[in-house]
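Residues per chain, in single letters:
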Amino acid sequence: MAKIMAVNAGSSSIKFQLLEMPKENVIASGVMERIGLAEGIFTLKYDGKKEETHPVLPTHAEGVDLLLKTLIEKGIVKSLSEISGVGHRVVQGGEYFKDSCLVDDTVIEKIAELADLAPLHNPAHIIGIKAFQKALPQVPQVVVFDTVFHQTMAEEVYMYATPYEWYEKYGIRKYGAHGTSHQYVSQRAAELLHKPLKDTKIIVCHLGNGASICAVEGGKCKDTSMGLTPLEGIPMGTRSGILDPTVVSYICEKEGKTATEVVNILNKKSGYLGMSGRSNDARDVTAGMEAGDHRCKLTFDVQAKRIVDYIAAYYVLMGGCDCICFTAGMGENLIHLRKNILNRLGVLGVELDEQANNVRAVEQEITTKNSKIKAFIIPTNEEVMIARDTVRVAKIR
Ligand code: AMP
């Protein structure tokens with residue numbers, strides 16, 4: 001039985017899950033946060049326990065060393081040789097990466113080159129990869145890209161109608177994101193539909209603080225709502241989603257800001273936060289709506305309307321749809337948002353089962369038997385996809 005570490009390294013954090021494959025059991029999971037600050041936070045879950053400590057973590061390297069040492073101390077592994085592979089989430093793989101792959105110097109160079117398209121993520125992933133390479137030099141390291149699943153989009157889908165030279169010179173096109181989640185959820189949906197994946201037409205709504213919709217036909221991505229960066233698509237926790245680009249130059253002139261500053265506002269101060277004026281967290285906006293706040297209700301209505309725009313477009317693109325899936329923090333937990341979305345889809349024969357929808361974070365069908373399109377809640381599991389790919393790519397037995 002192989003033990004695989006699935007890693008998601010951010011600029012000041014390392015999220016991890018240790019899985020036993022091929023059973024896909026989670027042996028331990030947790031996160032190291034506030035790396036580089038005076039006091040870090042190390043949360044570790046194992047054996048039904050949750051422990052939190054506050055070590056000093058000057059860099060990711062100390063974080064990884066402490067994690068591995070702790071795994072042995074707690075008896076989670078007897079020795080580090082039990083870890084057969086490490087799989088790293090990487091946000092942006094551009095057009096260069098068409099599949100997950102083993103890490104070497106060229107791969108790291110390419111991920112660094114692609115940092116222009118994911119400045120907050122790719123450099124942090126490299127720091128994480130190097131820290132694990134140093135700590136576990138004999139263990140294969142695999143990178144699993146959020147963009148790979150979307151590389152099957154047709155040219156007419158991923159091209160923007162901008163000067164063609166922008167694509168040739170700078171790679172300006174749609175890349176999408178959350179691919180690992182969309183792939184996991186669509187594979188699981190095919191199982192719930194009792195249909196071979198190749199015969200399915202599935203729309204996945206990954207609704208977290210970042211959110212994207214994906215049309216998956218025969219297990220392959222046909223279209224997705226995120227674009228060159230995760231700003232495109234539907235409104236999110238702090239991101240506006242799609243709008244007329246003229247808004248940028250207009251606000252630059254009105255408020256004396258640079259384009260970069262305005263795009264920063266579209267990324268960090270818009271969406272739920274900007275519209276509601278309260279919070280990027282859906283729980284706070286829900287509380288506001290329930291207390292009668294118009295802007296909070298409007299926030300959800302605007303998002304639901306835009307989500308339905310994408311669902312309708314993808315229904316036409318695929319020539320039908322077997323099921324709509326809800327996943328991630330809001331998709332799994334926000335009962336009223338799922339209802340708001342599905343009630344707008346009556347014209348397609350979607351019929352919500354209110355009682356079945358009245359749950360959080362469980363895998364469940366939430367439409368009636370008569371519904372022409374089924375809807376499911378499917379909790380996402382990106383770590384298991386990373387572990388599966390690590391086993392496949394590194395040929396671990
Ligand atoms: P994610 O990015 O997938 O972690 O999702 C974060 C979003 O999910 C936040 O907006 C949270 O408000 C929302 N969320 C998480 N748990 C719950 C919950 N129990 N009820 C409502 N919203 C939740």
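How each quantity is defined
- Residues numbered from 1 in each chain as written.
- Predicted model: local features only at pLDDT ≥ 70, side-chain atom pairs only at ≥ 80, totals over all residues.
- Heavy atoms only, no water.
- Phe/Tyr/Trp six-rings, centres within 6.5 Å; stacked < 30°, edge-to-face > 60°.
- Helix = DSSP H or I, 4+ residues; strand = E, 2+ residues; numbered from the N terminus.
- Buried < 20%, exposed > 50% of the residue type's maximum accessible area, 1.4 Å probe, protein only.
- Lys NZ or Arg CZ within 6 Å of the ring centre and 35° of its normal.
- Pairing = 2+ DSSP bridges.
- Contact = heavy atoms within 4.5 Å.
- Axes fitted to C-alpha atoms, helices over the stretch in contact; angles between N-to-C directions.
- Core = buried A, V, L, I, M, F, W, Y, C linked by side-chain atoms within 4.5 Å.
- Polar contact = N/O pair within 3.5 Å; in protein donor to acceptor, adjacent residues only side chain to side chain.
- Near = heavy atom within 4 Å.
- Areas by Shrake-Rupley, 256 points an atom, 1.4 Å probe, with all protein chains shown as cover.
- Nonpolar A, V, L, I, M, F, W, Y, C, P; charged D, E, K, R; others polar.

## A short note on the packing of aromatic side chains
Part 1: Under the defined criterion, the tally for this structure stands at seven aromatic pairs.
Part 2: Here F16 and F42 contribute two aromatic rings whose centre-to-centre distance is 6.3 Å and whose plane-to-plane angle is 55 degrees, an arrangement assigned as tilted. Remark: F42 occurs in strand β4 (residues 41-46) and F16 occurs in strand β2 (residues 14-21); sequence separation between them is 26 residues.
Part 3: Here F16 falls in the buried class, since its relative accessible area comes to 4%.
Part 4: An angle of 40 degrees between the planes, with centres 6.3 Å apart, marks the rings of Y158 and Y167 as tilted.
Part 5: When its relative accessible area of 16% is taken as the criterion, Y167 is described as buried.
Part 6: These aromatic residues form a ring-pair network of at least three members: Y96, F97 and F145.
Part 7: We note R173 situated over the ring of Y158; from NZ or CZ to the ring centre the distance is 3.7 Å.

## Points about the sheet that holds strand β13 (residues 364-365)
Part 1: Taking strand neighbours across the sheet as the criterion, the six strands line up as β11-β10-β9-β12-β14-β13 in an open arrangement whose pairing is mixed. In this open sheet, the two strands that pair with only one neighbour each are β11 (220-224) and β13.
Part 2: Alignment of strand β10 (residues 211-217) against β11, held across four bridges, turns out to be antiparallel. Bridge assignment links A215 to a residue of β11, and that residue is D223.
Part 3: Packing against the sheet, helix α6 (residues 179-193) makes contact with β9 (201-207), β10, β11, β12 (323-327) and β14 (374-377), and its axis sits at approximately 130 degrees to β9.

## Some words on the nonpolar core
Part 1: Among the nonpolar cores identified, the biggest contains 38 residues, and L207, I324 and I341 are the most heavily contacted of them.
Part 2: Residue assignment for this core shows that the elements contributing at least two residues are β9, β10, α10 (282-290), α11 (294-318), β12, α13 (335-343) and β14.
Part 3: Excluding residues within four positions of it along the chain, I324 makes contact with I203, C205, I311, L342, L345, V350, I373, K374, A375 and F376.
Part 4: Counting 33 residues, the second-largest nonpolar core is a separate cluster that includes Y184, V204, I378 and I396.

## Observations regarding the side chain of S100
Part 1: Its place among the elements puts S100 in the loop between β6 (83-90) and β7 (101-102).
Part 2: At 2.5 Å, the side chain of S100 forms a polar contact with the side chain of D389.
Part 3: If near-sequence neighbours (up to four positions away) are discounted, S100 is found in contact with V142, V143, V144, D389, R392 and V393.

## Description of the site of the ligand
Part 1: For the ligand, the full set of nearby residues is G208, N209, N280, D281, A282, R283, A328, G329, M330, N333, L334 and R360.
Part 2: One of the backbone N or O atoms of A282 is found 2.9 Å from an oxygen atom in the ligand.
Part 3: Contact between the ligand and G329: an oxygen atom at 2.9 Å from a main-chain N or O atom of the residue.
Part 4: In isolation the ligand offers 500 Å² of accessible surface; the protein chains occlude 69% of this area.
Part 5: Elements represented by at least two residues in the shell around the ligand include exactly α10 and α12 (328-333).
Part 6: No other element matches the four residues that α12 contributes to the shell around the ligand.
Part 7: Of the residues that constitute the shell around the ligand, the class distribution is four nonpolar, five polar and three charged.

## Quick look at the sheet that holds β2
Part 1: Taken together, the eight strands give an open sheet; going across it, the order is β5-β4-β3-β2-β1-β6-β8-β7, and neighbouring strands pair in mixed fashion. Each edge of the sheet is formed by a strand with only one pairing partner; in this case those strands are β5 (49-53) and β7.
Part 2: Bridge count for strand β1 (residues 2-9) against β2 is eight bridges, and the pairing is antiparallel. Its bridge partner being in β2, I4 is matched across the sheet by L19.

## What about the side chain of S279?
Part 1: Position of S279 relative to the elements: it lies in the loop between α9 (271-276) and α10.
Part 2: Looking at S279, its side chain comes within polar contact range of the main-chain nitrogen of D281, at 2.8 Å.
Part 3: Not counting the four nearest positions on each side in its chain, S279 is found in contact with Y272, L273, D284 and V285.

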